[in-house]
Amino acid sequence: MAVSRMDPIVPATPLAGATALVTGAGQGIGRGIALALAAAGASVAVVGRTAETIGATAVEIEARGGRAVPYVCDVTDPAAVDATVAEVVAQFGGLTILVNNAQTPAPGTLLELAEAVYRDGMESGPTATWRMMRACHPHLCGGGSIVNLGSAAGIRWNPSGTGGYAAAKEAIRVLTRTAACEWAADGIRVNSILPLADSVAMQEWAEREPEEAAAYASSIPLGRLGDPETDIGAAVVFLCSEAARYITGHSLPVDGGQALVR
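Here the residue numbers are simple positions, counted from 1 along each chain's written sequence. Confidence filtering applies because this is a predicted model: local features only for residues at pLDDT of at least 70, side-chain atom pairs given and counted only at 80 or more, and all residues used for totals across whole chains, interfaces and linings. In computing side-chain properties, one takes all heavy atoms of the structure into account and sets aside hydrogens as well as water.

Brief notes about the nonpolar core
Stage number 1. To qualify as a nonpolar core, a set must consist of buried Ala, Val, Leu, Ile, Met, Phe, Trp, Tyr and Cys residues joined through side-chain atoms within 4.5 Å. Buried means the residue's accessible area, taken with a 1.4 Å probe over protein chains only, is under 20% of the maximum for its type, while exposed means over 50%, and partly exposed covers the values in between. Grouped together as the largest cluster of nonpolar side chains are 33 residues, with contacts concentrated most on Leu-15, Ile-33, Leu-37, Val-44 and Val-99.
Stage number 2. The way it works is that DSSP assigns letters per residue, a run of H or I at least four long becomes a helix, a run of E at least two long becomes a strand, and they are numbered from the N terminus. By residue number, the principal contributor to this core is helix α1 (residues 28-39), which donates seven residues.
Stage number 3. Beyond its immediate stretch of four places on either side in the chain, Ile-33 contacts Val-22, Val-99, Leu-149, Pro-228, Ile-232, Gly-233 and Val-236.
Stage number 4. Tyr-71, Cys-136, Leu-140 and Val-190 belong to the second-largest nonpolar core, a separate cluster that totals 28 residues. Whether two residues are in contact is decided by their heavy atoms: any pair within 4.5 Å suffices.

Here it is, written out as structure tokens:
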């Protein structure tokens, strides 16, 4: 006689009742993450610099039956960050999840890279991530979760041509591990993902360096670029859910097996 067993029940909406703030949510990976979080039951603050794109993401979430509000915010502006976080908390009644996705690219070799471009990459990446985490910290205490976006560019054996971008992303991973240690006692989990998806950044890279980008894509064991919503967004949903309650300070490659973190 077969022995029956009770499988654990995974809720269809594991983030029901949560409120998520996603930066850079108007396009690409940020949009995909916002859609995935909403599908998992979270209300989403769709944050970005361009009203048209974040508005479109919010409309799409609402059309699917979710709740979303767009907020125009330049994450390189400290006053704008503080004001946006305060507005989100006031409108939604709290904050449960923060996803730091916004990042300005910084392409070029070290000799080609203009200092202004390098600074923009650092300001929009690690500095903005640090700034947003600090602004959200008091609202996330007691069970909140942060997911920051790193990049496999920072762990490639040869980051030539992407050094400025990779440096920004590696700084974000250091901030992630530090916050995970310092804020564990506050009940906040902090993780990062290293995504590989059909994003705006990937498309721009393919236009600049078509041969290199094609070779990179061919090295993906699963044979395809990830989908921003169903692949990358799903990983973020997992890290923000109770299923990942014992995971913090981790960098999770979501890349079809392309990179190996050592």
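That shown, we press on.
As for the layout of surface pockets
To find leftover empty space, one rolls a probe the size of a water molecule over the atoms.
Stage number 1. Grid points spaced at 1 Å over the protein atoms alone were grouped into cavities, where a 1.4 Å probe fits but cannot get out, and pockets, open sets with protein on both sides within 12 Å along at least five of seven lines, with lining residues defined by an atom within 4 Å of a point. Grid points are joined across faces, edges and corners, and a volume is the space filled by probe spheres set on the points. Taken as a whole, the largest pocket encloses approximately 1200 Å³ of empty space.
Stage number 2. Mapped by element, the contributors of at least two residues to the lining of the largest pocket are α1, β2 (43-48), α2 (51-63), α4 (115-140), α5 (163-182) and α6 (200-208).
Stage number 3. Of all the elements, α6 adds the most residues to the lining of the largest pocket, at six residues.
Stage number 4. Residue composition of the lining of the largest pocket, grouped by class: 22 nonpolar, 19 polar and seven charged.
Stage number 5. As a volume, the second largest pocket reaches approximately 220 Å³.
Stage number 6. Lining the second largest pocket are 10 residues, and of these Ile-155, Arg-156, Trp-157, Tyr-216 and Gln-258 sit closest to its centre.
Stage number 7. Polar here means any residue outside two lists: the nonpolar Ala, Val, Leu, Ile, Met, Phe, Trp, Tyr, Cys and Pro, and the charged Asp, Glu, Lys and Arg; Gly therefore counts as polar. Its residues placed into classes, the lining of the second largest pocket shows seven nonpolar, one polar and two charged.

Some points on the environment of Ile-146
Stage number 1. Relative to the helices and strands, Ile-146 resides in strand β5 (residues 145-149).
Stage number 2. C-alpha of Ile-146 to C-alpha of Ser-192: the two residues are 46 residues apart in sequence and 8.1 Å apart in space.
Stage number 3. Not counting the four nearest positions on each side in its chain, Ile-146 is found in contact with Leu-98, Asn-100, Met-133, Leu-140, Trp-183, Ile-188, Arg-189, Val-190 and Asn-191.

Digging into the environment of Gly-233
Stage number 1. Relative to the assigned elements, Gly-233 resides in helix α8 (residues 228-240).
Stage number 2. A relative accessible area of 0% places Gly-233 in the buried class.
Stage number 3. Along the chain, Gly-233 and Val-75 lie 158 residues apart, while their C-alpha atoms are 21 Å from each other.
Stage number 4. In contact with Gly-233, other than residues within four places in its own chain, are Gly-32, Ile-33, Ala-36 and Pro-228.

Here we look at the packing of helix α3 (residues 78-92) against α4
A pair of packed helices can be characterised by two numbers: the angle between their axes and the separation between those axes.
Stage number 1. Viewed as axis vectors pointing N to C, α3 and α4 meet at an angle of 30 degrees, and their least axial separation amounts to 10 Å. One way to sum up the angle between α3 and α4 is to call them roughly parallel. Pair α3 / α4 crosses with right-handed handedness. From α3, Pro-78, Val-81, Asp-82, Val-85 and Val-89 reach across to α4, where they touch Arg-131, Met-132, Ala-135, Cys-136 and His-139. Between N-to-C directions, angles cover 0 to 180 degrees, with each direction set by a line fitted to C-alpha atoms, over the stretch in contact for helices. Angles below 35 degrees are treated as roughly parallel, those above 145 as roughly antiparallel, those between 65 and 115 as roughly perpendicular, and all remaining angles as oblique. We call a crossing left-handed when the near helix sits turned anticlockwise from the far one by less than a right angle, and right-handed when that turn is clockwise.

Section: the sheet that holds strand β3 (residues 68-72)
Stage number 1. Note on pairing: two strands pair once DSSP finds at least 2 bridges between them. Sheet architecture is open: seven strands sit in the order β3-β2-β1-β4-β5-β6-β7, paired in parallel fashion. The open sheet has two free edges, formed respectively by β3 and β7 (251-254), since each of these has just one partner strand. For this sheet the average axis-to-axis angle between neighbouring strands, irrespective of direction, equals 20 degrees.
Stage number 2. Docked against the sheet, α8 engages β4 (97-100), β5, β6 (189-195) and β7, running at close to 165 degrees with respect to β6.

Brief notes about the confidence of the model for the protein chain
Parts of the prediction with low pLDDT should not have their coordinates interpreted in detail.
Stage number 1. Taken over all residues, the pLDDT of the protein chain has a mean of 92, while the share at 70 or more is 95%.
Stage number 2. Every residue is assigned a pLDDT by the predictor, reflecting its confidence on a scale from 0 to 100. Taken as a whole, residues 1-5 scores under 50 in pLDDT and shows zero contacts with residues more than four places along the chain or in a different chain.

What about the pattern of salt bridges?
Stage number 1. Here a salt bridge means any side-chain nitrogen of Lys or Arg lying within 4 Å of a carboxyl oxygen belonging to Asp or Glu. Taken as a whole and assessed by the stated rule, the structure comprises seven salt bridges.
Stage number 2. Here Glu-60 and Arg-64 are joined by a salt bridge, their closest N and O atoms 3.2 Å apart.
Stage number 3. Among the residues examined, Glu-60 registers a relative accessible area of 24% and is labelled partly exposed.
Stage number 4. A residue is classified by how much of its surface remains accessible, and Arg-64, at 47% relative accessible area, is partly exposed.
Stage number 5. The partner of Arg-119 in a salt bridge is Glu-115, and the shortest N-O contact between them spans 3.0 Å. Residue Arg-119 and its partner Glu-115 are located together in helix α4, separated by four residues, close to a single helical turn. For the pair Arg-119 and Glu-115, a shared accessibility class is recorded, and that class is exposed.

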